[in-house]
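If you want the building blocks of each chain, they are given just below.
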Amino acid sequence: MQTNLSPEFKGTADGQAAEAILRKCVHCGFCTATCPTYQLLGDELDGPRGRIYRMKQVL
Ligand code: SF4
């Protein structure tokens, strides 16, 4: 998934920190099996990988 931060956010310290954190996820899915909210709700978007996808969409 390609992510481009919005111009007003990209040059800021918060934007750089967010970009570094979000790019550490390689979307392997190993976290899903042990995620309590995913096990409870059964929705990919309620697991770590899904949350990271959502954060990327916001950014
Ligand atoms: S957050 Fe989940 S999908 Fe992303 S790298 Fe870690 S284990 Fe893999």
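What counts and how
- Residues numbered from 1 in each chain as written.
- Predicted model: local features only at pLDDT ≥ 70, side-chain atom pairs only at ≥ 80, totals over all residues.
- Heavy atoms only, no water.
- Near = heavy atom within 4 Å.
- Nonpolar A, V, L, I, M, F, W, Y, C, P; charged D, E, K, R; others polar.
- Helix = DSSP H or I, 4+ residues; strand = E, 2+ residues; numbered from the N terminus.
- Contact = heavy atoms within 4.5 Å.
- Core = buried A, V, L, I, M, F, W, Y, C linked by side-chain atoms within 4.5 Å.
- Buried < 20%, exposed > 50% of the residue type's maximum accessible area, 1.4 Å probe, protein only.
- Salt bridge = Lys/Arg side-chain N within 4 Å of Asp/Glu carboxyl O.

1. A few points about the site of the ligand
Working step 1: For the ligand, the full set of nearby residues is Cys25, Val26, His27, Cys28, Gly29, Cys31, Arg49 and Ile52.
Working step 2: When its residues are assigned to classes, the shell around the ligand shows 5 nonpolar, 2 polar and 1 charged.

2. Some thoughts on the side chain of Thr32
Working step 1: Position of Thr32 relative to the elements: it lies in the loop between α2 (13-22) and α3 (36-41).
Working step 2: Once residues lying within four places of it in the same chain are set aside, the contact partners of Thr32 are Tyr38, Glu44 and Arg49.

3. Observations concerning the nonpolar core
Working step 1: Counting 5 residues, the largest nonpolar core is built from Leu5, Ala18, Leu22, Ile52 and Leu59.
Working step 2: Those residues in contact with Ala18 that sit more than four places away from it in its chain are Phe9 and Leu59.

4. Some thoughts on unusual backbone geometry
Working step 1: One non-glycine residue, His27, lies in the positive phi region at around 60°.
Working step 2: Among the structural elements, His27 can be located in the loop between α2 and α3.

5. With respect to the pattern of salt bridges
Working step 1: Across all of its chains, the model carries 2 salt bridges by this definition.
Working step 2: Note that Arg23 and Glu19 form a salt bridge whose closest N and O atoms lie 2.8 Å from each other.
Working step 3: The exposure class assigned to Arg23 is partly exposed, which follows from its relative accessible area of 41%.
Working step 4: With a closest N to O distance of 2.8 Å, Arg49 and Glu44 form a salt bridge.
Working step 5: In this structure Glu44 comes out as partly exposed when scored by relative accessible area, which is 29%.

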